[in-house]
Structure formats: C-alpha cells, structure tokens
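# Fold and geometry: a report
Given next are the chains, with one letter for each unit.
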Amino acid sequence: MYRKTYEIQFHETDCKNRLKEAVLLNFFQDIAAVDAEVMGIGYSQIQNKNIGWFLTKYHIKIFDTIKNCGKITLESQSNGIMRITFIRDFDIFDADNKKIGEATSSWAVADLETGKIIPPAEVFEGFPNVNRDELRSTFPKIPALKKVDFQKEFVAEYNNLDVNCHVNNAVYLTWADEVLPFEMLVSTRIAELEIQYKQQVKYGEKVVVSADFDEETMTITEEVKLENGETACLIRQKRVKAE
C-alpha cells in the first residue's frame, strides 16, 4: 500500500470551492504511477520493453463533498491480477483523516506498437491472482443510452494528451461534465462514478458526447463516440444534492 497527501491548489477547485472531479482522477493516476514505480512495474521500468499501462475501468464512490480543505490523502493498493487486467484500489481521506471515498480500477498492459493486450502474468512475476468475488466492484456493464438529453462535440487537443499520446483518462470526465447544464453541476455532486474506456482518442480526432439523464434517480449515462461511430468511453454518474 502507498499513501500520499495532496495539497489542493486554487486552480484545482470549482466555483463552489470543491475539488474538481477530473482532478481527483489525476490524483489517482499519480499515486498509481508512483506506487507502480515502487513495485518495479512503473513507466520508467517498462518503457524499454515497448509496453504501457492503459486504464480500462473505474468504479468510484464519494461519500462526502471534497471541499478545498487544504489537503486530501490517498491510499492506493495493488490487489493483483484478474484474467487480463491488473486491479488497483484507492481510498480517500480528508484533512481530519476521515474516509470520504473509495475506488476500484482495472488496468491493462498493451504493446505500444500494435495495441495488443498482453496478460500481465506474461510480463510481471510474483503477483497473485484475484477472483471476481474478492473485488470491491465487479464493474457492472453500463447500459446503452435510451435517449439523448444533452450533447456536445469536442476535438482532442494537444493538452488533452498523456505520455502515450492519446487523450488522458481524466479528460473524458471533463468532457462528460461540460455536456451537462451549469445549474446541475453547481447544485449537485457525484456520489458514484463508473467509467469504462473502450477506444483510444488521438490528437485531432472529433468526438460527440451524449448524455441520458434520469431525473428520478439523478443518474446520468454518457457515451463518448468517435466520428467512425465507435464508442470510445461509457460513463455513468449518480449525482446527489450538494451540501
């Protein structure tokens, strides 16, 4: 397990002085990368093998509003290998060390030239296998949209890219939020978030983000679709009234 404290900066908060949701994903990515280096399977240790880590799924639960309280602390732990993916958990603590959220994530190893998924056990030794029933989340399937309530087009820009030269995982959530009405964003917060990454989005590519809003359950299902019609990402967020 790796533990790290993050000082929240003003540019990382929204107009209600809350931590931006996409920033939390960047914190997850950061602590996962640092812990992977400690474990000997980080970016600097695998880049000469022409392989890379690719995030495939998130299931996040946030119990309380993450306000600009000066800092938050994350704990991250690798749980081992499930079939062709690596499972990693996160816990979120506020400045008083109260647990305010948790997450489970799934990561794949891929050949950087061909994009082919490589089972982690073929390149990393000594990691246990985990069963589906041992996971915090089984990553339930996100259903297709039944209707389109909100929609917007985006273009993948240079500053959206990560070290693998495709759109960073946190950008998809930024796009998903930008589709929603301002009043919804400022009056509610995410209580539960599921993201399933399907395809890479590369520089210059256009995407259309569509959202299906269920007002009764405050659940928003969103799809990020490429120009060729392929789904790049599915997102389901359950929102609650902000404190």
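Refer to the preceding data block for the structure.
Now for a description of the structure that goes with this document. In this text, all values refer to a predicted model and were calculated from it rather than measured experimentally. (Residues numbered from 1 in each chain as written. Predicted model: local features only at pLDDT ≥ 70, side-chain atom pairs only at ≥ 80, totals over all residues. Heavy atoms only, no water.)

## Let's talk about the layout of surface pockets
Within this model, the largest pocket holds a volume of roughly 1200 Å³. Around the largest pocket, the lining is made up of 44 residues, and of these W53, F54, L55, T56 and A108 lie nearest the centre. Counting only elements with at least two residues in the lining of the largest pocket, the list comes to α1 (21-39), α2 (43-46), β2 (51-62), β4 (85-93), β5 (99-111), α3 (169-179) and β8 (188-197). If you tally residues by element for the lining of the largest pocket, the top one is β2, at six residues. Along the lines of polarity and charge, the residues of the lining of the largest pocket split into 22 nonpolar, 15 polar and seven charged. (1 Å grid on protein atoms, 1.4 Å probe; cavity = no way out; pocket = protein on both sides within 12 Å on 5 of 7 lines; lining within 4 Å. Points joined across faces, edges and corners; volume = space filled by probe spheres on them. Helix = DSSP H or I, 4+ residues; strand = E, 2+ residues; numbered from the N terminus. Nonpolar A, V, L, I, M, F, W, Y, C, P; charged D, E, K, R; others polar.)

## Notes on the nonpolar core
Judged by nonpolar contacts, the single largest core of 60 residues is most densely connected at F28, I72, Y172 and W175. Broken down by element, this core gets its largest block of residues, nine residues, from α1. Each residue touching W175, except ones within four places of it in the same chain, is listed here: F154, V155, A156, N160, V167, V201, V207, V209 and V224. If you look at the next biggest cluster of nonpolar residues, it comprises five residues, including M82, I87, V130 and L135. (Core = buried A, V, L, I, M, F, W, Y, C linked by side-chain atoms within 4.5 Å. Buried < 20%, exposed > 50% of the residue type's maximum accessible area, 1.4 Å probe, protein only. Contact = heavy atoms within 4.5 Å.)

## Points about the pairing of strand β10 (residues 219-226)
Among the eight residues in β10, seven count as buried, and that is most of the element. Of the strand pairs in this sheet, strand β9 (residues 206-214) and β10 are connected by eight bridges, and their pairing is antiparallel. Looking at the pairing, V208 lines up with K225 of β10. Counting the residues in the hairpin turn of β9 and β10 gives four residues, including M218, whose phi is positive at 55°. Remark: four residues form the turn of the hairpin made by β10 and strand β11 (residues 231-241), two consecutive strands paired antiparallel; G229 in that turn has positive phi of roughly 95°. (Pairing = 2+ DSSP bridges.)

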